[in-house]
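Take a look at the letters that make up each chain.
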Amino acid sequence: MTEQTVVGHLVQYAYIIAAALFILSLKWMNSPATARRGVFAGEVGMLLAIVGTLLLHGIMNWEWMLAAALIGTAIGVPLAYKMPITAVPQQTALSHACGALAAAMVGTAEYYRDTANLSAVTMVALIAETLLGFLTFTGSLMAAGKLQEVLPTRPITYRNQNFINLTLFAIALGIGIRLIIVPTDTFLFPIFAGLALLFGVLLIIPIGGADMPTVIALLNSYAGLSACAMGFVLNNKLLVIAGALDGSSGLILSIIMCKAMNRSFIDVLFGAFGQAQTAKAGSAQRNVHSASPEEAALILESASSVIIVTGYGLAVAQAQHKLRELYDILMRRGVDVKFAIHPVAGRMPGHMNVLLAEADIPYDRLYEMDDINSDFAQCDVAMVIGANDVANPGARKDKDSPIYGMPILDVDRARTVMVIKRSMSPGFAGIDNELFYMDKTLMLFGDAKAFVSEIVKELPAA
Ligand code: NAP
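Residues numbered from 1 in each chain as written. Predicted model: local features only at pLDDT ≥ 70, side-chain atom pairs only at ≥ 80, totals over all residues. Heavy atoms only, no water.

**Student:** An account of the side chain of Asn373 is requested, with residue identities and associated values reported.
**Tutor:** Checked against the element boundaries, Asn373 lands in the loop between α15 (369-372) and β5 (381-385). Since its relative accessible area comes to 16%, Asn373 is described here as buried. A polar side-chain atom of Asn373 sits 3.1 Å from the main-chain carbonyl oxygen of Ile408. Those residues in contact with Asn373, other than ones at most four positions away along the chain, are Ile408, Leu409 and Asp410. (Helix = DSSP H or I, 4+ residues; strand = E, 2+ residues; numbered from the N terminus. Buried < 20%, exposed > 50% of the residue type's maximum accessible area, 1.4 Å probe, protein only. Polar contact = N/O pair within 3.5 Å; in protein donor to acceptor, adjacent residues only side chain to side chain. Contact = heavy atoms within 4.5 Å.)

**Student:** Talk me through the nonpolar core; I want residue IDs and the actual numbers.
**Tutor:** Residues Leu300, Leu326, Met383, Val411 and Ile455 are the most contacted members of the largest nonpolar core, which totals 72 residues. With near-sequence residues (within four places) excluded, Ile455 lies in contact with Pro293, Ala296, Ala297, Leu300, Leu326, Met383, Ile420 and Leu444. Counting residues in hydrophobic clusters, the runner-up holds 41 residues, among them Phe192, Ile204, Val233 and Cys258. (Core = buried A, V, L, I, M, F, W, Y, C linked by side-chain atoms within 4.5 Å.)

**Student:** How would you explain a nonpolar patch on the surface if you had to name every residue and give the values?
**Tutor:** On the surface, a nonpolar cluster with roughly 600 Å² of combined accessible area is contributed by Met1, Val6, Leu10, Tyr13 and Ile16. Positionally, Met1 belongs in the segment before α1 (3-28). With relative accessibility at 79%, the residue Met1 sits in the exposed group. (Patch = residues over 30% accessible without salt bridge, like charges linked within 9 Å, V, L, I, M, F, W, Y side chains within 5 Å. Areas by Shrake-Rupley, 256 points an atom, 1.4 Å probe, with all protein chains shown as cover. Salt bridge = Lys/Arg side-chain N within 4 Å of Asp/Glu carboxyl O.)

**Student:** Hey, could you go over the packing of aromatic side chains for me, with residue numbers and the actual values?
**Tutor:** All chains considered together, the criterion is met by 6 aromatic pairs. When the centroid spacing of 5.0 Å and the interplanar angle of 75° are considered together, the rings of Tyr111 and Tyr112 count as edge-to-face. When the centroid spacing of 5.8 Å and the interplanar angle of 50° are considered together, the rings of Tyr327 and Phe339 count as tilted. Of this pair, Tyr327 sits in helix α13 (residues 320-332) while Phe339 is found in strand β3 (residues 336-341), placing the two residues 12 residues apart along the sequence. One aromatic cluster in this structure is built from Tyr111, Tyr112, Phe189 and Phe192. (Phe/Tyr/Trp six-rings, centres within 6.5 Å; stacked < 30°, edge-to-face > 60°.)

Structural data, given as structure tokens:
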């Protein structure tokens, strides 16, 4: 066996192990208890895939590869460390933009490198790769801009928008089909790429900020499918597998998010059809019962079961470590403390799991919505910290509410409810919350971290 054949075999083994690691990674990321292992498996899989690919294809110019790796590392590492957790959705959108652009550029290079010899099958994959890659690139940039609020978050609409968008897409597709039939019509390729880039922008601008995290999951799926098509173009089986895993998991995630927010998938998918939710005017004049940290501590002292509901405000305040202290004191006092996790609490899927895991709150104390909802009726205190929409009973009964039908945590069924937030401001959906006005609800006004610290100081250790 020649040295080249040995390397070829080794690379194939590396690819098989990498593919297995990607699948295991997705499986392990399903649970907080195994999520870290899942991330590590994905990283090792990616390392094997990169090293294998570098060995297999006889790199001509290592300096260029090294320079690209260094630039990528110099951008990626500080981005990962410096980006606050509340900005992870826009960071994810930027990552998709880079991945999709890379796939589209590889497709473009392959097209011009070997135009005359591209078979129809390869051209189908190449057109799919570049179409999805280019539109995902600009679409993801727009999504990141909207989330970061450097672009208007409201939907931007104009007359005949859907017709214009669909016509544009149909023209791009038509040119793509022409290129599949006659690849040597090279003058058409830049027009095709330009239309795909423009379509990405037009696809996202009519979608409001409220749907943006779901759209990002969908763009993730597009980027994966583009990489999958790239695998066919380059005849690289690992890329096909990894792209297909990415594509399908992104799609599944966006469907789960739609269900959890009671949004129609079609509304989100074809942004212009789904208009922004209309916010209902708040009822500023109504009375609420507010309480001090001392009063809150007194109630907790006599409670035997407490369910804690966390939301976006916990991430803003970075109150997870203080919450851990409160949890420790309550547990030492013999209180049964559970954490209720709503699937779309915070601003990205798994947001609360990540925050609570960061503070080392035991995983077995975290309960999914469906598993804990029946416990609220028996619990002494439901403590809502920086959450709002996910515990809004209006979703259950108010047919006019924009979140009507969204499954919520049944906080209002607890004996006593405490809500820590800074003001009566609404949450993400921009609507008032009936929970705050109930007789059994105590509003604890203040920053989540500061307020929880005060309660911790007031609570006797045991
Ligand atoms: P929310 O409804 O947005 O409410 C968060 C609350 O936190 C606000 O009412 C705010 O009130 C409070 N807050 C902010 N900063 C705070 C601080 N420093 N200290 C204390 N409180 C603070 O959040 P949620 O209940 O987690 O619901 C998530 C919402 O996001 C849902 O509407 C969901 O549909 C949407 N969404 C989620 C995802 C996802 O994947 N997770 C994706 C898309 C959309 P004050 O300003 O008065 O303090």
